[in-house]
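Listed below, chain by chain, are the residues.
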Amino acid sequence: MIKVVKFGGSSLASAEQFAKVGKIINADKERRYVVPSAPGKRNSKDTKVTDMLYACYELVEADEDFRVALMKIKDRYDTIINGLNLKLSLEEEFKKITENFKNKAGVDYAASRGEYLNGIIMANYLGYEFVDAAEVIFFDEEGNLDAEKTDKVLGNRLKKIERAVIPGFYGMGADGRVRTFSRGGSDVTGSIVAKAVHASCYENWTDVSGFLVADPRIIDHPAAIKTITYRELRELSYMGASVLHEDAVFPVRKAGIPINIKNTNAPEDEGTWIVESTCHQSKYTITGIAGKKGFVSVNIDKDMMNAEVGFGRKVLSAFEENGISFEHMPSGIDTMTIFVHQPEFEGKEQAVISSIHRLAQPDSIELEGDLALIAVVGRGMKSTRGTAGRIFSALAHANINVKMIDQGSSELNIIIGVSNADFENAIRAIYDIFVETQL
Ligand code: ASP
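Let us look at the structure shown here.

What counts, and where the lines are drawn
Residues numbered from 1 in each chain as written. Predicted model: local features only at pLDDT ≥ 70, side-chain atom pairs only at ≥ 80, totals over all residues. Heavy atoms only, no water. Helix = DSSP H or I, 4+ residues; strand = E, 2+ residues; numbered from the N terminus. Rg over C-alpha atoms; globule rule 2.2 N^0.38 Å. Buried < 20%, exposed > 50% of the residue type's maximum accessible area, 1.4 Å probe, protein only. Contact = heavy atoms within 4.5 Å. Pairing = 2+ DSSP bridges. Axes fitted to C-alpha atoms, helices over the stretch in contact; angles between N-to-C directions. Core = buried A, V, L, I, M, F, W, Y, C linked by side-chain atoms within 4.5 Å. Near = heavy atom within 4 Å. Polar contact = N/O pair within 3.5 Å; in protein donor to acceptor, adjacent residues only side chain to side chain. 1 Å grid on protein atoms, 1.4 Å probe; cavity = no way out; pocket = protein on both sides within 12 Å on 5 of 7 lines; lining within 4 Å. Sits in = over half its atoms within 2 Å of the grid points. Points joined across faces, edges and corners; volume = space filled by probe spheres on them. Parallel < 35°, antiparallel > 145°, perpendicular 65-115°, else oblique. Nonpolar A, V, L, I, M, F, W, Y, C, P; charged D, E, K, R; others polar. Phe/Tyr/Trp six-rings, centres within 6.5 Å; stacked < 30°, edge-to-face > 60°. Lys NZ or Arg CZ within 6 Å of the ring centre and 35° of its normal.

A few points about the overall build of the protein chain
Line of reasoning, step 1. Assigned secondary structure in the protein chain consists of 14 helices and 16 strands.
Line of reasoning, step 2. In summary, the protein chain has a C-alpha radius of gyration of 25 Å against a globular reference of 22 Å for 439 residues, a match within 12%.
Line of reasoning, step 3. Dimensions of the protein chain along its principal axes, counting C-alpha atoms only, are 75 × 50 × 40 Å.
Line of reasoning, step 4. The 439 residues of the protein chain split such that 53% are buried.
Line of reasoning, step 5. Look at the contacts in the protein chain between residues 6 or more apart in sequence, and 74% of them connect residues 24 or more apart.

Re the sheet that holds strand β4 (residues 164–165)
Line of reasoning, step 1. An order of β3-β4-β2-β1-β7-β9-β10-β8 is seen for the eight strands of this open sheet, with the pairing classed as mixed. Both outer strands of the open sheet, β3 (129–130) and β8 (227–229), are each paired with one neighbouring strand and no more.
Line of reasoning, step 2. Judged from the five bridges that link them, strand β7 (residues 201–206) and strand β9 (residues 259–263) form a sheet pairing that is parallel. Note that in β9 the partner of Asn204 across the bridge is Ile261.
Line of reasoning, step 3. The strands that helix α5 (residues 107–126) touches are β2 (31–36), β3 and β4; relative to β2, the one it contacts most, it runs at about 150°.

A few points about the pairing of strand β10 (residues 272–275)
Line of reasoning, step 1. In the sheet, β8 pairs with β10 via three bridges, with the strands oriented parallel. Looking at β10, one finds that Thr229 is bridged to Val275.
Line of reasoning, step 2. One ladder, built from three bridges, connects β9 with β10; its direction is antiparallel. Of the residues in β10, the one forming a bridge with Asn260 is Trp273.

Quick look at the nonpolar core
Line of reasoning, step 1. Ranked by size, the top nonpolar core spans 117 residues in total, and within it Phe101 and Leu158 carry the most contacts.
Line of reasoning, step 2. Not counting residues within four places of it along the chain, the set of residues in contact with Leu158 comprises Tyr33, Val131, Ala164, Ile166, Val193 and Val197.
Line of reasoning, step 3. Met305, Val340, Ile353 and Ile356 belong to the second largest nonpolar core, which has 18 residues in total.

Some words on the site of the ligand
Line of reasoning, step 1. As a structural note, the neighbourhood of the ligand is formed by Ser37, Lys48, Thr50, Glu115, Phe169, Arg183, Gly184, Gly185 and Ser186.
Line of reasoning, step 2. Between the ligand and Arg183 there is a distance of 2.7 Å, counted from an oxygen atom to a side-chain nitrogen or oxygen.
Line of reasoning, step 3. Ser186 is positioned with one of its backbone polar atoms (N or O) 3.0 Å from an oxygen atom of the ligand.
Line of reasoning, step 4. A majority-of-atoms criterion places the ligand in the largest pocket.

Focus: empty space enclosed by the protein
Line of reasoning, step 1. Applying the stated criterion across every chain yields a total of one cavity of 30 Å³ or more.
Line of reasoning, step 2. Approximately 100 Å³ is the volume attributed to the largest cavity.
Line of reasoning, step 3. Of all the elements in the fold, those that place two or more residues in the lining of the largest cavity are α8 (230–237) and α9 (249–255).
Line of reasoning, step 4. Of the residues forming the lining of the largest cavity, the biggest block, four residues, is contributed by α8.

Observations concerning helix α7 (residues 186–196)
Line of reasoning, step 1. A large share of α7 lies buried, amounting to ten of its eleven residues.
Line of reasoning, step 2. Among all positions of α7, only Ser186, Asp187, Val188, Thr189, Gly190, Ser191, Ile192, Val193, Ala194 and Ala196 are buried.
Line of reasoning, step 3. Once α7 finishes, His198 follows within two positions and takes phi at roughly 55°, a positive value.

Points about the side chain of Ser186
Line of reasoning, step 1. Here Ser186 is to be found in helix α7.
Line of reasoning, step 2. Filtering out sequence-adjacent residues up to four positions away, Ser186 remains in contact with Lys6, Val35, Pro36, Ser37, Glu115, Gly168, Phe169 and Tyr202.

Focus on the environment of Asn401
Line of reasoning, step 1. Among the secondary structure elements, Asn401 is positioned in the loop between α13 (387–397) and β15 (404–407).
Line of reasoning, step 2. Residues Asn401 and Tyr57, 344 residues apart in the sequence, show an inter-C-alpha distance of 50 Å.
Line of reasoning, step 3. In contact with Asn401, not counting residues within four places along its chain, are Gly417, Val418 and Asp422.

Re the packing of helix α4 (residues 91–102) against α5
Line of reasoning, step 1. Two elements in contact, α4 and α5, have axes whose closest approach is 12 Å; the angle formed by their N-to-C orientations is 170°. With respect to α5, the axis of α4 lies roughly antiparallel. Between α4, through Glu93, Phe94, Lys96, Ile97, Asn100 and Phe101, and α5, the contact on the second element is made entirely by Tyr109, Ala110, Arg113, Tyr116, Leu117 and Ile120.

A few points about the layout of surface pockets
Line of reasoning, step 1. In this model, the largest pocket occupies a volume close to 640 Å³.
Line of reasoning, step 2. Lining the largest pocket we find 27 residues, and of these Lys6, Gly9, Lys48, Gly184 and Thr206 sit closest to its centre.
Line of reasoning, step 3. Breaking the lining of the largest pocket down by element, the ones donating at least two residues are α7 and β7.
Line of reasoning, step 4. Within the lining of the largest pocket, the residues separate by chemical class into seven nonpolar, 13 polar and seven charged.

A look at the sheet that holds strand β11 (residues 288–301)
Line of reasoning, step 1. Taking strand neighbours across the sheet as the criterion, the six strands line up as β12-β13-β11-β14-β16-β15 in an open arrangement whose pairing is antiparallel. Bordering the open sheet on either side are β12 (326–328) and β15, each of which pairs with just one other strand. Looking at each pair of strands side by side, their axes are set apart by 40° on average, direction ignored.
Line of reasoning, step 2. Where α8 meets the sheet, it contacts β11, β14 (364–377) and β16 (413–419), and its direction lies at approximately 135° from that of β14.

Here we look at unusual backbone geometry
Where the residue is not glycine, phi is negative for most of them; where a peptide bond is considered, it is trans in most cases.
Line of reasoning, step 1. Unusually for a residue other than glycine, Asn85 sits at a positive phi of about 55°.
Line of reasoning, step 2. Turning to its location among the elements, Asn85 is positioned in the loop between α3 (67–83) and α4.
Line of reasoning, step 3. Not every positive phi belongs to a glycine, and Phe169 is a case in point at roughly 85°.
Line of reasoning, step 4. Here Phe169 is to be found in the loop between β4 and β5 (170–172).
Line of reasoning, step 5. The exposure class of Phe169 is buried, given its relative accessible area of 2%.

Remarks on the packing of aromatic side chains
Line of reasoning, step 1. Tallied over the full model, the rule gives eight aromatic pairs.
Line of reasoning, step 2. Ring centres of Phe101 and Tyr109 lie 6.2 Å apart, and the angle between their planes is 80°; this geometry places the pair in the edge-to-face category. Taken individually, Phe101 and Tyr109 each receive the classification buried, so the pair is uniform in this respect.
Line of reasoning, step 3. Aromatic rings pair up to connect Tyr57, Phe66, Phe101 and Tyr109 into one cluster.
Line of reasoning, step 4. One Lys or Arg, Arg113, reaches over the ring of Tyr116 and ends 4.1 Å from the middle of that ring.
Line of reasoning, step 5. Over the face of the ring belonging to Phe138 we find Lys149, whose NZ or CZ atom lies 4.2 Å from the ring centre.

As structure tokens, then:
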């Protein structure tokens, strides 16, 4: 059995953290392929190495002296190397990086050095082979992952290596220059590696013990989620949960490999399992609650709307024309409501209204802003009576006015619209009824 383990920046921010990671890897010989991030923050006032690299490269682009900024980055690595008593020098690597910076190797190249150098240290520390991600992970001409080529080359390469470190976050672009994923992209690398080696599990080590049922900034010490399906996670992440990069689920999901989110600072905690499907039911009926403020509802009325062929398409074209994506679309017999993101919509509101009038000739259009959407997600809803009833009676008891309700036909989630001002109270009320009282 093979496990692929990815460690986030806070797990690798210092020599002490590296030592914890070394212990975790050595405790299980199935942990054969390791994907590190760049060193993250050591404390709340610290700066991530990736951010230092971006700032340093800004100096390069402005033709300013970048040497001091680069030496500060080298210091971060040297402190780790010395703290681990390694006989390793990054002198030559930094000479190469300086040269490449002078030749304007690109901002992605600059950012990628964070994981590249951390990978070299990690490989040296563990006695594993170092595999440069630029040799095994490929992007196509549009800048998207070339999944097929990557899977083949990476799989073949790792087949011959018993234990390896593959730095996260970057690969090789179609133009032969280094490219990165979007921020937090080491999660994606871990998933790609897990697929390529047919791992039995992808362990994603971070600084929390997995996903929580609700946002800890709103709920004090919320319960942890033990098992969540990919689809549930998608419903929740879409509303703002941020433990795992969204794109990280795709490679492993296709291959049926589960992800286990684990805490480097509490390795004995079970963490959260993300799986394709499960018979394990959550103790609370619901799996999680997530939400986001800042939506606008666009209410469109027209008599006999239900009988007009193509009405929905015309309305949606108005949004498309103006480059606006919509979030939800509940409807009635003569009404249709489109929820859009307020910051995206504000500047274009009048243009959208006139497009709707031109394309769909509605009777009236009304806007309401400062709305929040809350997703209550749970695979258990399908087989439980009264879930919606409990949600709405909890909200009524908390004096919260529900402005919109949308239950997906998969019965996996219920979306509730409330005003921004009620957002936190609504989440507390729903959490209480399902988790605290477990009625
Ligand atoms: N170091 C990169 C970032 O800060 C990628 C990652 O950590 O996953 O976004």
